[in-house]
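The chain contents come next:
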Amino acid sequence: MDEPTSAPQPLPVDRLYRRADLSQLEFATTAELSPLPGLQEQPRAQEAIDFGAGTAARGFNIFAIGSSSARIQQSVRMLLDDAARSRPAPSDWAYVNNFDAPHRPVALALPPRRGPELEKATHSLIEDLKVSLPTIFESEDYQKRRGAIEQSIRAKNEQAFAALNEKAQARGIAILRTPVGFAMAPARDGKVVPPADFNAWPEAEQVAVRDAIKDLEKDLDETLRAIPRQEKEQREAIRNLDRETAQFATAAPFDEAKTQFSDLPKVLQHIDAMHADLLENIQLFVAAMAEAQERPGASAGNPMDRYEVNVVVTQADHGTGAPVIEELHPTLGELVGRIEYLQMQGALVTNFRLIKGGSLHRANGGMILIDARSLLSEPFSWPALKRALMRGQIVIEDASRFVGLTTTVSLQPDPIPLDVKVVLFGERMLYYLLSSLDPDFVQYFKVLADFDDEIDRTPSGEAMLARLVGTIASQENMLPLDREGVARIIEQAARIADDSRKLTLLNERLHDLIAEASHWAAKSHRDVVTRQDIEQAITQQLRRVGRVKERGAEMILRDIALIETSGKRLGQINGLSVMSLGDHSFGRPSRITCRVRPGGGRIIDIEREVALGGPLHSKGVLILSGFLAGRYAMDVPMSLYASLVFEQSYGGIDGDSASSAELYTLMSALGELALRQDLAVTGSVNQHGVVQAIGGVNEKIEGFFDICNARGLTGTQGVLIPEANTQHLMLRNDVVTACRERRFAVYSVRTVDEGIALLTGMPAGERGTDGQYPEGSVNRAVEERLRAFAEARKKAGEAQARIDNT
């Protein structure tokens, strides 16, 4: 048997708004409060980050999730900085030329902060050689030795030609040098015989001359063939001289450079390779000196570049411990590095000096913090990060090659071993989507750090939030807040949390409110932010986003959108809904109506029939059928046809928060009992008639209050809310004031019976021992109407049967 019910009474004013309790803190302004150290009131997230940052196991990277307004990246960064300070500083990394395969630059690992030292030492060595090598190659000793080599070769050539000329003269032949080579002709008395005179010679003499020329041509050919060999010998002799000279000039500088890095075998190996390449290409190097002096600076085609060192990451820029890098723009190039190009003579060229490190290089050996949404928004970045984690290496990749946009010859730098803790942060939905849609995700991000959006509103919680407010004001150079100003911030934090027993941890919302209040305080020439400034900031924030709300209220007040706030109507009620536009939400009343007649036991949801109702709204309507079938006239078939609709609704509707209002309307239409129009209703309902909690209760109450207040408060107007929602109430001051003065009221109801009694002014009634509801009760009227419908349906069926039989 149901418990006796009575109409609910207005809630006491102290349940409509909970004021802050700062009794645990003694202060006049926030300037006196100690800063809030570290991450507070987030034990779950803090434990997860401490664990993830502390374990070296593969795949235990961290995904921190929370509201976008919580500034969780700042909290995560704070914890990572603490963890990184206890870690050793990682290696410096540099790329150097691979003299055997220039397209595959060599990666050198160096102790922390030694990379710039190597770069500077190498650069100084090259600069010294730019001066010393040209000097020694221009020295008198070198020129004499080189001249002797050249003279020796020339002497050999001249001696061979002299011997050939002497032999030719002995046989009466002259060797002539022409523009196209050498020629031979008969000669007498040292003069060349003209062809006409030669033809007048006896035949025997002509034959002898021709035979001599043939023999001499063979000798000339052998002499000419010997010239390239001799020139090659000359070049080889000069090259050996150059090597010997360069070896003498560079041995001491290279040995000096090696002494700085005697503890680094890989560096010594590179310096030896550099020295050997320099000796092998000494003339190329010396020839580049003049050009470098004319065009100073790096050039992709300058031979001097091959001996420089490209430090892609160094710990010299960081303090102690491991680095913590926050990547704000995680493109492929910014993440894994890139290879740049220079345009020279119409072509794109590159070398190892144009390799640029990415954020993974800078974070290697430490931690990297990346916004998950930004990472997923960049093409190629998410797969590249997964490949890097899978390989344990940083491989520089070119996005243009993935889509075939370039055929330029590029480099293949050595991969660099990767040892980094990756921390992604983002909204919860991103994490859940990745978990569902990317099978590799859980393999690489095994630690979830879930940040709470709110904390319990206890005295200690309020004290913590007060210190947080002081910390924000101090760090952002805002005016300090006085005691009442802090109290108002705390109360607004409960309003943002939509719960009087909770406090929001959405730092961005609090920061914006404090910043705006500080502005208004400064404009009023105050040194501290007061409660008045906080109120003004809240009012201005609402005004800036209030255009849509004001236009909706105007339509109601002009009777374009029909909402009544007085009188009674049959099958009509004021429901309450919430509209959300970005971060701003506001409530507005909606008229819900119902029509009934005998039928087949079906309740028609017009919103669903025209595809404007969402699944949750349709579920709420279907629950009404279960309530009616389980409470009324259970001995006869349900013989009802009812239609429910949100009047003047032209958009989608979802959620079940109006199901109790729809049930009241349905009961009104069935029982032919008028409902009060000076009351509005919100709350969902289950099949047993229990009214359940909904969201946005403050906005809904205020939305109906604004309409009533604009028309004039009568003292009878109010809102029915679920009893479970009373703990969420943090109403505006004008609503609380009106309730205190009994010009408006908020009622809490536990069951449909309590609500219908208030709306109709009649008792709901409980079923007696005779199985009947009492006369004059709402439930009796509803049940009698349903029985009448069942009887009408029965008679209609019998009449149809008689017609069919005839």
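Draft legend 1. Highlighting the packing of aromatic side chains. One pass over the structure, following the stated rule, counts 13 aromatic pairs. Ring geometry for Phe 63 versus Phe 441: centroids 5.6 Å apart, planes at 75°, classification edge-to-face. Within this pair, whereas Phe 63 is found in strand β1 (residues 62–65), its partner Phe 441 is found in helix α15 (residues 441–444), the two being separated by 378 residues in sequence. Note on Phe 63: relative accessible area 0%, which makes it buried. Ring geometry for Phe 627 and Tyr 632: centres 6.2 Å apart, planes at 80°, overall edge-to-face. One exposure class covers both Phe 627 and Tyr 632, and it is buried. An aromatic cluster is built from Phe 63, Trp 382, Tyr 431, Tyr 432, Phe 441 and Phe 445, whose rings are joined through pairwise contacts. Above the face of the Phe 27 ring, Arg 483 is positioned so that its terminal group lies 4.9 Å from the ring centre.

Draft legend 2. The arrangement of the pattern of salt bridges in detail. Counting across every chain of the model gives 49 salt bridges. Note that Lys 144 is salt-bridged to Glu 140, the shortest N-O span being 3.2 Å. Taken together, the positions of Lys 144 and Glu 140, both in helix α4 (residues 140–170) and four residues apart, correspond to about one turn of that helix. Overall, Glu 140 belongs to the exposed group, its relative accessible area being 56%. Ionic contacts of the salt-bridge type, sharing partners, join the residues Arg 495, Lys 549, Glu 699, Glu 702, Asp 706, Arg 732 and Asp 734 into one network.

Draft legend 3. Structural detail: a nonpolar patch on the surface. On the surface, Met 429, Tyr 432, Leu 433 and Leu 437 cluster together into a nonpolar patch covering about 440 Å² of accessible area. Leu 437 gets classed as exposed once you look at its relative accessible area, which sits at 68%.

Draft legend 4. Geometry of the sheet that holds strand β4 (residues 173–178). Taken together, the three strands give an open sheet; going across it, the order is β4-β5-β6, and neighbouring strands pair in antiparallel fashion. Edge positions in the sheet fall to β4 and β6 (191–192), since each of these pairs with one other strand and no more. Sheet strands touched by α4: β4 and β5 (181–188). Its angle to β4, the strand with the most contacts, is close to 135°. Against the sheet, helix α6 (residues 203–259) contacts β4 and β5, and its axis sits at roughly 145° relative to β5.

Rules used throughout
Residues numbered from 1 in each chain as written. Predicted model: local features only at pLDDT ≥ 70, side-chain atom pairs only at ≥ 80, totals over all residues. Heavy atoms only, no water. Phe/Tyr/Trp six-rings, centres within 6.5 Å; stacked < 30°, edge-to-face > 60°. Helix = DSSP H or I, 4+ residues; strand = E, 2+ residues; numbered from the N terminus. Buried < 20%, exposed > 50% of the residue type's maximum accessible area, 1.4 Å probe, protein only. Lys NZ or Arg CZ within 6 Å of the ring centre and 35° of its normal. Salt bridge = Lys/Arg side-chain N within 4 Å of Asp/Glu carboxyl O. Patch = residues over 30% accessible without salt bridge, like charges linked within 9 Å, V, L, I, M, F, W, Y side chains within 5 Å. Areas by Shrake-Rupley, 256 points an atom, 1.4 Å probe, with all protein chains shown as cover. Pairing = 2+ DSSP bridges. Contact = heavy atoms within 4.5 Å. Axes fitted to C-alpha atoms, helices over the stretch in contact; angles between N-to-C directions.

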